[in-house]
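# Observations on chain architecture
Residues per chain are reported as follows:
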Amino acid sequence: MNLERIARVCFCLAALALAVGCDDESADPADAADTVGDADGSDVPGDDGPSLAVATDSLPGGRVQIEYSAQLEATGASGAATWEISSGALPPGLTLGTDGAISGLPERSGSYDFEVSVADDAATDSAPLSIAVPKVLLMSGFEPFGGYEINSSYEAIVPFDGMMVGGLDVRIVELPVVWGDSWDELAAEIDRLHPDAVIATGQAGPEGMRFEATAANVMHGTDNAGVTMTGEPIVPGGPGRLWASYPIDEMNAAMTGGGFPTLVSNNAGDFLCNYVMYRLMDYRASATEPPAAAGFIHVPPVPDVGMTVDEITAAHRLGIEALAAWISSGKAARPVVPDIHTPPEYF
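Given the structure is predicted, the values throughout are model-derived calculations rather than measurements. Along each chain, the written sequence defines residue order, and numbers are assigned to residues from 1. Totals for whole chains, interfaces and linings use all residues, but because this is a predicted model, local features are given only for residues with pLDDT of at least 70 and pairs of side-chain atoms are given and counted only at 80 or more. Values reported for side chains reflect all heavy atoms of the structure, with hydrogen atoms and water molecules removed beforehand.

The predictor attaches a confidence to each residue, called pLDDT, with possible values from 0 through 100. The predicted model of the protein averages 87 in pLDDT, with 85% of residues at 70 or higher. Throughout, a residue-residue contact means that at least one pair of heavy atoms, one from each residue, lies within 4.5 Å. Note that pLDDT drops below 50 for residues 1-7; the model gives that stretch zero contacts with residues more than four away or on any other chain. Across residues 9-46, where pLDDT falls below 50, the model places four contacts with residues more than four positions away in sequence or in other chains.

Put into structure tokens, the structure is as follows:
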């Protein structure tokens, strides 16, 4: 009896094994291949590969009148991809090519937000981007005059050319000590750079860093070209005086805090420094987009008195940092109480 039961059990097990083997043999080999394919994410039914997408998520900043170049990138393109600005605008002076190349010379400071779109034969995609162009400070100094081999006003600002100080992109220009031409050259740089601030400087007096608060509508003296003025108005019919518009208190405090001698004046004299300052203030009063700050600082001659060129440069740096903070604050320039009312000494 036991042998019979054992035989029946063996028969059943053999039949079961045969049935399982038949099921395995009937499986579609393609199903196994599909199963392998699904495991690694390839050959999934209905998957046509990666779709077109903008890959660039940020762009480098630009600088006014300095060559800019950047390339937009996309992934998953089917054939040639074509780019365009779909909303917003690039900084003035920059263009986007259909190949995704952004190039040109930024013309104005600012933060520019825009959206780019890319299209291929089958799809489109878009993404928001921005380009920041820092604010510009234009500083001027004069060429040598009065028998000096150098002019400390220009030599002291040379190290700042193209430098970022306190977030301001500093540019400089050397002016001739010539009636007319001095303002023409400064005005040309203002038109080219569209600066957010203009600080003109000149060499005169032994007192230290002399902040000028006003300019008078009068010209006296002989320039480097031999032209003599004898009291003619700078702007016929213009106001007798024009006031500067820059943060004298803040810049003065920064320089004195750094240990440098300073004073505030309401008399810039009547030579070329006063001439350039008056023309600058007159320009600011009538410009449709005037600089936020415009003023004039006299510096002492080198090597005659008090300060070295390096010390004047160091004082300027503190003043520029204070100017940058003031511009960022959005405050308006305040009237100041002058320390001195006599004109600067020209040698």
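Right, picking up where we left off after that structure.
Here seven strands make up an open sheet; going across it, the order is β10-β11-β9-β12-β19-β13-β18 and the pairing mixed. Strands with a single pairing partner mark the edges of an open sheet, and in this sheet they are β10 (164-165) and β18 (262-265). The rule for pairing is simple: two strands pair if DSSP sees at least two bridges between them. Every helix listed is a DSSP run of H or I at least four residues long, and every strand listed is a run of E at least two residues long, numbered separately from the N terminus. Bridging between strand β9 (residues 136-142) and strand β12 (residues 197-203) involves four bridges; their strand directions are parallel. For Ser 140, the partnering residue across the bridge sits in β12 and is Ala 200.

All right, on to the environment of Glu 232 then. Positionally, Glu 232 belongs in strand β16 (residues 228-232). Burial classes follow relative accessibility: with a 1.4 Å probe on protein chains only, a residue under 20% of its type's maximum area counts as buried, one over 50% as exposed, and anything between as partly exposed. With relative accessibility at 31%, the residue Glu 232 sits in the partly exposed group. The sequence separation of Glu 232 and Asn 217 amounts to 15 residues, and the corresponding C-alpha distance is 8.3 Å. For Glu 232, the residues in contact, after removing those within four places along its chain, are Asn 217, Val 218 and Met 219.

Between the N-to-C directions of two axes lies an angle of 0 to 180 degrees, each axis being a line fitted to C-alpha atoms and, for a helix, fitted only over the stretch in contact. The contact between helix α5 (residues 248-257) and helix α7 (residues 309-329) brings their axes to 8 Å, and the two run at 140 degrees. By the criterion of interaxial angle, the relationship of α5 to α7 is oblique. In the crossing of α5 with α7, the sense of the turn from one axis to the other is right-handed. Contacts from Glu 250, Met 251, Ala 254 and Met 255 of α5 reach α7 at Ala 315, His 316, Leu 318, Gly 319, Ala 322, Leu 323 and Trp 326. Each residue belonging to the contact of α5 with α7 can be placed in one class, and the counts come to eight nonpolar, two polar and one charged. Relative orientations are named as follows: roughly parallel for angles under 35 degrees, roughly antiparallel for angles over 145 degrees, roughly perpendicular for angles from 65 to 115 degrees, and oblique for any other angle. Helix crossings are classified by the rotation of the near helix relative to the far one: an anticlockwise turn of less than a right angle makes the crossing left-handed, while a clockwise turn makes it right-handed. Any residue outside Ala, Val, Leu, Ile, Met, Phe, Trp, Tyr, Cys, Pro, Asp, Glu, Lys and Arg is labelled polar, Gly included; the first ten of those are nonpolar and the last four are charged.

This paragraph deals with the pairing of strand β19 (residues 293-299). With seven of seven residues buried, β19 is to be regarded as a mostly interior element. Burial along β19 is two-sided: Ala 293, Gly 295, Ile 297 and Val 299 facing one way and Ala 294, Phe 296 and His 298 facing the other are all buried. The pairing of β12 with β19 spans seven bridges and is parallel. Its bridge partner lying in β19, Gly 202 is registered against His 298. In the sheet, strand β13 (residues 209-212) pairs with β19 via three bridges, with the strands oriented antiparallel. What sits directly across from Phe 211, in β19, is Ile 297.

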